[in-house]
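# Residue-level structure breakdown
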Amino acid sequence: MRTGIQKNDTDSSPGTSLDGSFRKPRSASSKFVPPLKTVHKLLKEYSTKLLDLNIFTEHLENWVTENLYSEGPRNFASPFSLDELRTFDFALEGVLFQQLIRMPCPPHHPSDNNLKEDEFLALEDFLHTAAQGLWQTFWHKNKPIPFFLSYPRYIGSKFYTIEKAKSRGRLGGLCGAAWTSKSKARWDDVIEFVLFKQNLDENALSPKVICKALFYGVHMLFSRSLSGYKSVEETDYVFVSILDSKYGGVVRLGGDLGKLEVDLSDPYKSMAEWITRHADVRVSCVDRIWNGMGNVNWGDLGTLQILLAMYYSIARWCGPARKSMDSLAEHHSLRLEKRRMETQLVEYENENENENENENALVPYSSNYNGEIVEVEYENNRDSKSKGARLSLVRGEMLVVEDRNEGLKSFRVEEVVNDGGGNSNFSYIAVAADSCPAEVLNLFVGAHSSRLEPSWEDMNLWYQVQRQTKVLNILKENGVSSKCLPEIIASGRVVHAGPCDKKGPNGVCDHPWCGTPVLATRPVGDPVSSVVGPFSGDEATRLCRDCLAALRSAKTLNILHGDIRPENVIRVDKSGFVLVSWGRAVLEDRDSPSLNLRFSSAHALQHGKLCPSSDIESLVYLVYFVVGGSMKEQDSIESALRWRRRCWEKRAIQRKLGQVSPILKVFADYVDSVCGTTYAVDYDAWLRRLNRAVDGSDDGRGKMVEEGVRVMCVAESSGTSGGGNSL
């Protein structure tokens, strides 16, 4: 029986696809659509006939051999590019993978169950360590990993633990390990599969091994489709890692299963045709995983391939990581810059050493070297260490700030806020010591403008403190305030201990902390990026409403945020969100927004500027992300623009938002109609609609939607916001 595309002179009947849809020719005048239950039953029967690995290998081995050893475009591509692996390596820099069980080093003896058990235990420890490290680094640092490791014997078999398999005498029959989403798993719960082979060829994966990996990959795709698993992308893909006690490699299988022609009379042939014609098969090189002592080479190419396959498998199942590879990889340049600055400092073991001994001191390297020999003055070098210092605080420490408007203010540090790499980003949770009752605040410590260097760290501090202080002061001076906007409490310069001989109010003395700018804001909350699990429809609607209210307040002064992403929205309590980090706000045309491949608007990525709807376009991407929408890693502006174009054309964002809230779907349709245009955003109309969806209230047009807002001349300024797109 064959269920495929059948053509005649007048019409054609589309073939059955695995997700219940049907391929529809452009000129089709009629079609026969079998019931969905019939299709499901047919495909389930088809999958049960694909259980013989030997027959499967016979149909594919020649094709695999031809592509594996040929040169040119027919050769299998690698699942990962070198740049991708390098970025991943930088992102994992500083992550501690603690392996406890070593891989047995003696030669393999397949009949030795004790050695087999030791190998599986070492494999299990490796996979657990890797998955836990990835989960805590990219997803949730303090939440347990929600996956389970099980071991099947063959396709369709039960899953065992190593102890249970050993007690039942089935340890030798285990074919590999599977990460599953449930403790009592089935094959449709498999997230990633790891084949455990004996004596892999260190040069390349053999055709038989690749065929076996494809065999398990096909059944993973089948199981997901038959269980109702919905991939955000049109084509699903799976990774199968192959390991022995020394080496490892990765096979990736992907493709549109809707193009599979189901043939129950010869299922292996039809599957082989789908793989050879329609599937995307990629095969990595084989590289060393374990060294001679049985320890994992965590930073080497072979291990990075296994880890990256695991990373993408988790992201495919759970949604994109809360912290992207690119954002964590940026910390590499910071650590490199820090190391460079440390090596440039002049180090004196003893200030009283004579001049001859000082000839061996390390002198700074000058990037302006022009080929001539220059004299370096040691007296000037002594100050280099103090000038490069940054004010880093610890819990319990007191900080005195001189506010221009309110005089001296004292703050006690309660918590150090770290970035994704575990390093201080000079942000703190502090208590105002001179207020009663004590108020919890955000405290941002910057770098003085006279000591700023053109490094990413210093520029980020400048935007975080000095630029954000300017923006928040503009809002405050013009009477714009909202519960959805941060409020500036204090801003000024650090008052350091000891004498200060600065000249003038804006001058600095020799003390490294003198003149360091500080910003204190409220409220304090948890960033959306740290929230576990997708948002409910009510939460997502409230998030959209609150962020839109903040944007509406700023728009009264023609201020655009320009950097909307999960890290820049905090949840103050269970019922409120605040849009923070206004340092990259656009005040005038010459200002450039922060570019983010995931959340920036298409107009910002293309032109480096914001259009009137850029912020609400970024807001839609944020809401799509928090409800579990898939936003895979983008490696370039071109790929990010392609993703946006594909999502809007196929209405993937609207479909996802429509699953959680009808109003969010309609809002996404509105954004689709105005994004990239010069039309003004009708904030008032949408705030009224979102307000009704959240709590049933409906404020008038001349008032702000959120409670506690004070805006001057709102009724007059809102008269131009309707445009031609008011709903």
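As a starting point, this report considers the structure included with it.

Rules and cut-offs
Residues numbered from 1 in each chain as written. Predicted model: local features only at pLDDT ≥ 70, side-chain atom pairs only at ≥ 80, totals over all residues. Heavy atoms only, no water. Axes fitted to C-alpha atoms, helices over the stretch in contact; angles between N-to-C directions. Helix = DSSP H or I, 4+ residues; strand = E, 2+ residues; numbered from the N terminus. Left-handed = near helix turned anticlockwise from the far one by under 90°. Contact = heavy atoms within 4.5 Å. Nonpolar A, V, L, I, M, F, W, Y, C, P; charged D, E, K, R; others polar. Core = buried A, V, L, I, M, F, W, Y, C linked by side-chain atoms within 4.5 Å. Buried < 20%, exposed > 50% of the residue type's maximum accessible area, 1.4 Å probe, protein only. Disulfide = S-S within 2.5 Å. Pairing = 2+ DSSP bridges. Expected span 1.5 Å × (residues − 1). Parallel < 35°, antiparallel > 145°, perpendicular 65-115°, else oblique. Phe/Tyr/Trp six-rings, centres within 6.5 Å; stacked < 30°, edge-to-face > 60°. 1 Å grid on protein atoms, 1.4 Å probe; cavity = no way out; pocket = protein on both sides within 12 Å on 5 of 7 lines; lining within 4 Å. Points joined across faces, edges and corners; volume = space filled by probe spheres on them. Polar contact = N/O pair within 3.5 Å; in protein donor to acceptor, adjacent residues only side chain to side chain.

### With respect to the packing of helix α2 (residues 53-69) against helix α7 (residues 267-277)
- Here α2 crosses α7 at 30°, and the two axes come no closer than 9 Å. For the pair α2 and α7, the sense of crossing is right-handed. Each of Ile55, Phe56, His59, Leu60 and Trp63 in α2 lies in contact with α7, whose residues at this interface are Tyr268, Lys269, Met271, Ala272, Ile275 and Thr276.
- Each residue belonging to the contact of α2 with α7 can be placed in one class, and the counts come to eight nonpolar, two polar and one charged.

### Considerations on the nonpolar core
- Residues Leu543, Leu548, Trp582, Ile616, Ile653, Leu657 and Phe667 are the most contacted members of the largest nonpolar core, which totals 60 residues.
- Where this core is concerned, the elements lending two or more residues are α13 (456-477), α14 (537-555), β21 (576-579), α16 (614-626), α17 (637-649), α18 (652-660), α19 (662-674) and α20 (683-695).
- Once residues within four sequence positions are removed from consideration, Trp582 is found in contact with Arg467, Gln468, Val471, Leu472, Leu485, Pro486, Ala550, Leu551, Ala554, Ile559, Leu560 and His561.

### Examining the state of the cysteines
- Under the definition given, this model contains zero disulfides.
- Between Cys547, a free cysteine, and Cys544, which holds the nearest cysteine sulfur, the sulfur-to-sulfur gap is 7.5 Å.

### As for the sheet that holds β21
- Strand order across the open sheet formed by three strands is β19-β20-β21, with antiparallel pairing between neighbours. The open sheet has two edge strands with one neighbour each: β19 (526-527) and β21.
- Note: strand β20 (residues 569-573) against β21, four bridges, orientation antiparallel. Each bridged residue has a counterpart across the sheet, and for Val569 the counterpart in β21 is Leu579.

### Details of helix α8 (residues 301-318)
- Given a rise of 1.5 Å per residue, 18 residues ought to cover 26 Å, and the 25 Å separating the end C-alpha atoms of α8 matches this to within 8%.
- Two residues or fewer past α8, Gly319 is found with a positive phi of approximately 100°.

### Quick word on the packing of α16 against α17
- Put simply, α16 and α17 touch, their axes get as near as 13 Å, and they point 80° apart. If you check the angle between α16 and α17, you find them roughly perpendicular. Each of Glu617, Val620, Tyr621 and Tyr624 in α16 lies in contact with α17, whose residues at this interface are Trp643, Arg644 and Trp648.
- Considering only residue class, the contact of α16 with α17 consists of five nonpolar, no polar and two charged.

### Regarding the packing of aromatic side chains
- Overall, the coordinates contain 29 aromatic pairs when judged by the stated rule.
- Ring geometry for Trp135 against Trp139: centres 5.8 Å apart, planes inclined by 10°, an arrangement best described as stacked. Of this pair, Trp135 and Trp139 both sit in helix α4 (residues 113-139), four residues apart, roughly one helical turn. For the residue pair Trp135 and Trp139, the accessibility class agrees, reading buried in each case.
- An aromatic cluster of at least three residues, connected via ring pairs, comprises Phe80, Phe88, Trp135, Phe138, Trp139, Phe147, Tyr237, Phe239, Tyr311 and Tyr312.

### Considering empty space enclosed by the protein
- Applying the stated rule across the entire model yields four cavities of 30 Å³ or more.
- Of the volumes computed, that of the largest cavity is approximately 80 Å³.
- If you go around the largest cavity, you meet 13 residues; those closest to its centre are Gly562, Asp563, Ser600, Ser601 and Ser618.
- Broken down by element, the lining of the largest cavity gets its largest block of residues, three residues, from α16.
- For the lining of the largest cavity, a count of residues per class yields four nonpolar, seven polar and two charged.

### Description of the side chain of His603
- For His603, the location among the structural elements is in helix α15 (residues 602-607).
- Engagement of the side chain of His603 in a polar contact is seen with the backbone oxygen of Lys609, the distance being 3.1 Å.

### Topic: the pairing of strand β14 (residues 407-418)
- Relative to β14, strand β13 (residues 398-403) runs antiparallel, the two being bridged by six bridges. Considered in β14, the bridge of Asp403 is made with Gly407.
- A loop of three residues connects β13 with β14, the two strands running antiparallel in sequence.

### Side note on the pairing of strand β9 (residues 247-255)
- β9 sits mainly inside the fold: nine of its nine residues count as buried.
- On β9, burial covers both faces: Tyr247, Gly249, Val251, Leu253 and Gly255 on one face and Gly248, Val250, Arg252 and Gly254 on the other are all buried.
- Relative to β9, strand β8 (residues 236-243) runs antiparallel, the two being bridged by eight bridges. Residue Tyr237 lies in a different strand from β9, and its bridge partner there is Gly254.

### What to know about the environment of Thr180
- Looking at where Thr180 falls in the secondary structure, it is placed in strand β6 (residues 176-180).
- Owing to a relative accessible area of 0%, Thr180 belongs among the buried residues under this scheme.
- Each C-alpha atom, one on Thr180 and one on Ile191, is 5.4 Å from the other, the two residues being eleven residues apart in sequence.
- Every residue in contact with Thr180, bar those within four places of it in the chain, is listed here: Pro146, Phe147, Phe148, Ser150, Ala185, Asp189, Val190 and Ile191.

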